[in-house]
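The primary structure of each chain is shown beneath.
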Amino acid sequence: MFKKVMINILLCFLCTSITCVSAISVNAHELTPKALPKNLTYNSDMRLTVAEITYDMTQVININYRNQLSYAINDWEWYDNGHVSLRSTPGLANVYATFYDSYPSSFHKDSVAATSFTNYSENQSTWSYSRPLMGPVYREDNLTKIIKCKVYANVKKQRSSNFNNTDIHKSWTHEIGHTLGLNDTNDGTVSVMKQGKGSSFGWAEYWKPQNHDRDDLRRFNYRYWYT
Ligand SMILES: [Zn+2]
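Residues numbered from 1 in each chain as written. Predicted model: local features only at pLDDT ≥ 70, side-chain atom pairs only at ≥ 80, totals over all residues.

With respect to the pairing of strand 4 (residues 48–56)
Quick reminder of the rule: What makes two strands pair is DSSP finding at least two bridges between them. A helix here means a DSSP run of H or I that spans at least four residues, while a strand means a run of E at least two residues long, and both kinds are numbered starting from the N terminus. Orienting the strands away from the viewer, one traces the path from the first strand over the helix to the second; a clockwise path indicates a right-handed crossover.
In this sheet, strand 4 lies alongside strand 3 (residues 40–43) in antiparallel orientation, the contact comprising four bridges. Across the sheet, Thr41 pairs through a bridge with Val50, a residue of strand 4. What sits between strand 3 and strand 4 in their antiparallel hairpin is a turn of four residues, with Arg47 showing a positive phi close to 55 degrees. The sheet contact formed by strand 4 and strand 5 (residues 84–88) spans five bridges and is parallel. Looking across to strand 5, one finds that Ala51 is bridged to Val84. Regarding the hand of the β-α-β motif, the stretch spanning strand 4, helix 1 (residues 63–78) and strand 5 is right-handed.

Some points on the environment of Asp184
Applied cut-off: Whether a residue is buried, exposed or partly exposed follows from its count of other C-beta atoms within 10 Å of its own C-beta, namely 20 or more, 12 or fewer, or something in between, respectively; the C-beta atoms are built from the backbone. It is the C-beta atoms, placed from the backbone, that decide contacts: two residues are in contact if theirs lie within 7 Å.
By secondary structure assignment, the location of Asp184 is in the loop between helix 3 (165–179) and helix 4 (211–220). What makes Asp184 buried here is the crowd of 23 C-beta atoms within 10 Å. Separated by 10 residues in the primary sequence, Asp184 and His174 have C-alpha atoms spaced 8.6 Å apart. Setting aside chain neighbours within four positions, we find Asp184 in contact with Met193 and Gln195.

Brief notes about helix 3
Owing to its 3.6 residues per turn, the α-helix brings residues three or four apart onto one side. Convention followed: A helix is expected to span 1.5 Å multiplied by its residue count minus one.
Helix length check: helix 3, at 15 residues, gives a terminal C-alpha distance of 21 Å against a target of 21 Å (1.5 Å per residue), a fit within 8%. The buried fraction of helix 3 is high, at 13 of 15 residues. Directly after helix 3, the chain includes Gly181, whose backbone phi takes a positive value near 105 degrees.

Notes on the environment of Gly91
Positionally, Gly91 belongs in the loop between strand 5 and strand 6 (97–100). Each C-alpha atom of the pair Gly91 and Met57 lies 9.7 Å from the other, and the pair is 34 residues apart in sequence.

Observations concerning the confidence of the model for the protein chain
Counted only if it meets this: The quantity known as pLDDT measures the predictor's confidence residue by residue, on a range of 0 to 100.
For the protein chain, the average pLDDT comes to 79, and 74% of its residues sit at 70 or higher. Throughout residues 16–28 the model reports pLDDT below 50, and contacts reaching past four residues in sequence, or to other chains, amount to 16 contacts. Taken as a whole, residues 122–140 scores under 50 in pLDDT and shows 27 contacts with residues more than four places along the chain or in a different chain.

Overview of the packing of helix 1 against helix 3
In a pair of packed helices, the angle between the axes and the distance between the axes together describe the arrangement. Rule in force here: Each axis is a line fitted through C-alpha atoms, and for a helix only the stretch in contact is used; angles between axes span 0 to 180 degrees, taken between their N-to-C directions. With respect to orientation, any angle under 35 degrees is reported as roughly parallel, any angle over 145 as roughly antiparallel, any angle of 65 to 115 as roughly perpendicular, and every other angle as oblique. Note on convention: the crossing is left-handed when the near helix lies turned anticlockwise from the far helix by less than a right angle, right-handed when the turn is clockwise. Just so you know the grouping, Ala, Val, Leu, Ile, Met, Phe, Trp, Tyr, Cys and Pro go in nonpolar, Asp, Glu, Lys and Arg go in charged, and all remaining residues, Gly too, go in polar.
At a minimum axis distance of 8 Å, the contact between helix 1 and helix 3 shows a crossing angle of 55 degrees. With respect to helix 3, the axis of helix 1 lies oblique. Classified by chirality, the crossing of helix 3 by helix 1 is right-handed. Residues Asn64, Tyr65, Gln68, Leu69, Tyr71, Ala72, Ile73, Asp75 and Trp76 of helix 1 pack against Asn165, Ile168, His169, Trp172, Thr173 and Ile176 of helix 3. Considering only residue class, the contact of helix 1 with helix 3 consists of nine nonpolar, five polar and one charged.

What follows is the structure, given as structure tokens:
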């Protein structure tokens with residue numbers, strides 16, 4: 001079987017000059033995810049697919065950053081439509097997501113946070129979904145399975161940008177969204193996957209997964225992973 005191991009890095013900018021321009025007139029976010037977590041289980045009682053996320057936050061040394069991370073994890077537990085299960089497994093060798101409040105010098109210094117992935121591509125897999133009411137079915141080949149994630153907060157940049165605690169909280173929630181397979185959204189959608197400083201967005205409870213994010217998880221249901 002063809003397997004290609006690669007590392008991808010998603011940098012999350014504060015002031016984004018990057019806009020997602022799609023050639024077709026759909027919301028860029030509607031085309032996510034193109035990568036999915038490796039551990040997906042089907043819950044036959046609830047009839048939904050659950051991403052089992054193991055994580056280690058012991059590398060987050062700053063107690064405030066660790067607290068905000070705990071809140072972000074708790075939010076994904078509560079605002080996930082049942083599709084996410086996050087479990088603390090510090091020290092586990094094959095832990096899925098490791099969080100850091102240190103930031104690699106090789107990464108873009110103007111990003112407020114970053115998530116790197118170890119992936120392999122599954123050529124046989126096809127991801128697709130039908131829009132809820134009407135419209136075309138989109139197909140994406142070369143769906144990527146995420147093996148491992150490392151999530152870094154750029155504390156220095158966040159401090160110089162006057163991040164308050166809910167901005168820090170939002171930043172963690174956003175990065176966890178990446179570990180679940182969600183992509184950045186900068187097209188006006190009210191989504192925690194919008195890049196930047198949450199308190200500048202102008203909507204309530206910007207630090208939580210938004211209705212759009214919950215709907216994404218329900219709609220995708222990670223269901224095409226098994227095809
Ligand atoms: Zn991002």
